[in-house]
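# Geometric and topological summary
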Amino acid sequence: MTDAVLSFNDIRQEFPAPSGGPRVRVIDGIDLDVGGGKFVAVIGPSGCGKSTLLQMAAGLLAPTRGIVRHRGTVIDAVNREVGFVPQQAQLFPWKTLAENVELPLLLRGIAAAERRERVASALDAVGLAGFEQYFPNQLSGGMQKRGSIARTLVYRPDVILMDEPFGALDAQTRMVMQDDLQRQSRDAGATILFVTHDITEAVLLADNVAIMSQRPSTLLANIAIDLPRPRNVFEPFKNLGFDAAYDAVWSVFRSQIGIRQRTH
Ligand SMILES: Nc1ncnc2c1ncn2[C@@H]1O[C@H](COP(=O)(O)OP(=O)(O)OP(=O)(O)O)[C@@H](O)[C@H]1O
């Protein structure tokens, strides 16, 4: 037993083939520990099972083989202790921003006064104070994404699962959101499992970068990123040691994306 907050042990996942026939093996034996307060980024080729791993941690999907544990307890039902930030913001369009962020607290039976205080503080943390009464369609894509992060931060989950949360954003908004996230995750002391396709993002944000292979996927490497914090997400190359950390990840990852024949 490790002191990991989240642990994946010998995970295999198979799905029925849509057209019948043999089941499709997507994940083929993954072991991964996420320590308390750590930020672990997961990268891997499209379709290798990154989102599938997050779904298992959220208890939305049972592995075909192996065990996922949260603080040592086997996850065998929906895991309400974790927060999930999906690719799209998924705010309810008929509710205001404040009502959207308040929802998890309502579901947990938190009293009205505390709800108001926590919603205000979560919106403030993501730079959305003053937008409480806006509906999602009155907010930009980046603001909706911030709202979705606030809706997760507000109930102070022990673990936050993030599935390419900044993938759909423009480059500038994305950098600002990355910078905010590194501050918020430090302040909240949360444990974060973060799926991305972007090696630069992974290296800038993570304590460890876990690299998955093409499917059926295995874990190719789990690389510690020891760059000092806070990191400069606006000028990645100005972080001392960034080049070496990027190279360490890239040298493993490049074999997975079909560029073996290229010389650069
Ligand atoms: N419920 C399901 N039934 C059948 N196949 C599934 C199911 N869920 C996922 N898959 C398959 O498992 C594979 C992995 O899916 P997953 O979404 O985890 O990949 P990913 O690494 O997150 O991909 P991407 O980077 O493209 O988002 C895909 O080939 C997908 O078609």
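Cut-off values and rules
Along each chain, numbering runs from 1 in the same order as the chain's sequence is written. Reporting in this predicted model follows two pLDDT cut-offs: at least 70 for local features of residues, and 80 or more for side-chain atom pairs to be given and counted; totals over whole chains, interfaces and linings ignore these cut-offs and use all residues. At least two DSSP bridges between two strands are needed for those strands to be called paired. For helices the rule is a DSSP run of H or I covering at least 4 residues; for strands it is a run of E covering at least 2, with both sets numbered from the N terminus onward. For every residue pair, C-beta atoms are placed from the backbone, and the pair is scored as a contact if these atoms sit within 7 Å. All axes here are fitted lines through C-alpha atoms, helices being fitted over the stretch that makes contact, and every angle between N-to-C directions spans 0 to 180 degrees. Residue proximity rests on one test: whether the C-beta atom, placed from the backbone, lies within 6 Å of the molecule or strand. Gly falls in the polar group here, along with every residue not listed as nonpolar (Ala, Val, Leu, Ile, Met, Phe, Trp, Tyr, Cys, Pro) or charged (Asp, Glu, Lys, Arg). Geometric relationships in this document are graded by angle, where less than 35 degrees denotes roughly parallel, more than 145 denotes roughly antiparallel, 65 to 115 denotes roughly perpendicular, and other angles denote oblique. Note on convention: near helix rotated counterclockwise from far helix by under a right angle means a left-handed crossing. Clockwise means right-handed. UniProt positions are given in the numbering used here, feature names are shortened, and annotations may be inferred rather than shown by experiment.

### Details of the sheet that holds strand 2 (residues 24–35)
An order of 2-1-4-5 is seen for the 4 strands of this open sheet, with the pairing classed as antiparallel. Lying at the two open borders of the sheet, with one neighbouring strand each, are strand 2 and strand 5 (73–74). Pairing of strand 1 (residues 4–15) with strand 2, which is carried by 9 bridges, proceeds in the antiparallel orientation. Its bridge partner being in strand 2, Arg12 is matched across the sheet by Asp28. Against the sheet, helix 1 (residues 50–57) engages strand 1, strand 2 and strand 4 (65–70), with an angle of about 120° to strand 1.

### Remarks on the site of the ligand
Around the ligand, the neighbouring residues are Phe15, Val26, Gly44, Ser46, Gly47, Cys48, Gly49, Lys50, Ser51 and Thr52. Per-element tally for the shell around the ligand: the top contributor is helix 1, with 3 residues. Here the shell around the ligand is composed, by residue class, of 3 nonpolar, 6 polar and 1 charged.

### A few points about the packing of helix 2 (residues 97–107) against helix 4 (residues 141–153)
Closest axis-to-axis distance for the helix 2/helix 4 pair is 7 Å, and the angle between their directions is 30°. On the basis of their axis angle, the class for helix 2 and helix 4 is roughly parallel. For the pair helix 2 and helix 4, the sense of crossing is right-handed. In this structure, helix 2 uses Leu97, Asn100, Val101, Leu103 and Pro104 to contact helix 4, whose residues at the interface are Gly147, Ala150 and Arg151. When the residues that make up the contact of helix 2 with helix 4 are grouped by side-chain class, the tally is 5 nonpolar, 2 polar and 1 charged.

### Some thoughts on the sheet that holds strand 8 (residues 191–195)
Taken in spatial order, the 6 strands make up an open sheet running 6-7-8-3-9-10, and their pairing is mixed. Only two strands of the sheet have a single neighbouring strand rather than two, namely strand 6 (82–85) and strand 10 (219–224). Strand after strand, the sheet turns through a mean of 15° between neighbouring axes, direction not considered. Where strand 7 (residues 159–163) lies against strand 8, 5 bridges are found, and the strand directions are parallel. Counterpart to Leu161 in the pairing with strand 8 is Leu193.

### Comments concerning the UniProt feature "domain: ABC transporter" (unreviewed entry) in the protein
UniProt marks residues 6–239 with the feature "domain: ABC transporter" (unreviewed entry), using the numbering shown here. Between the C-alpha atoms that bound residues 6–239 there is a distance of 29 Å. The span itself is 30% helix and 26% strand.

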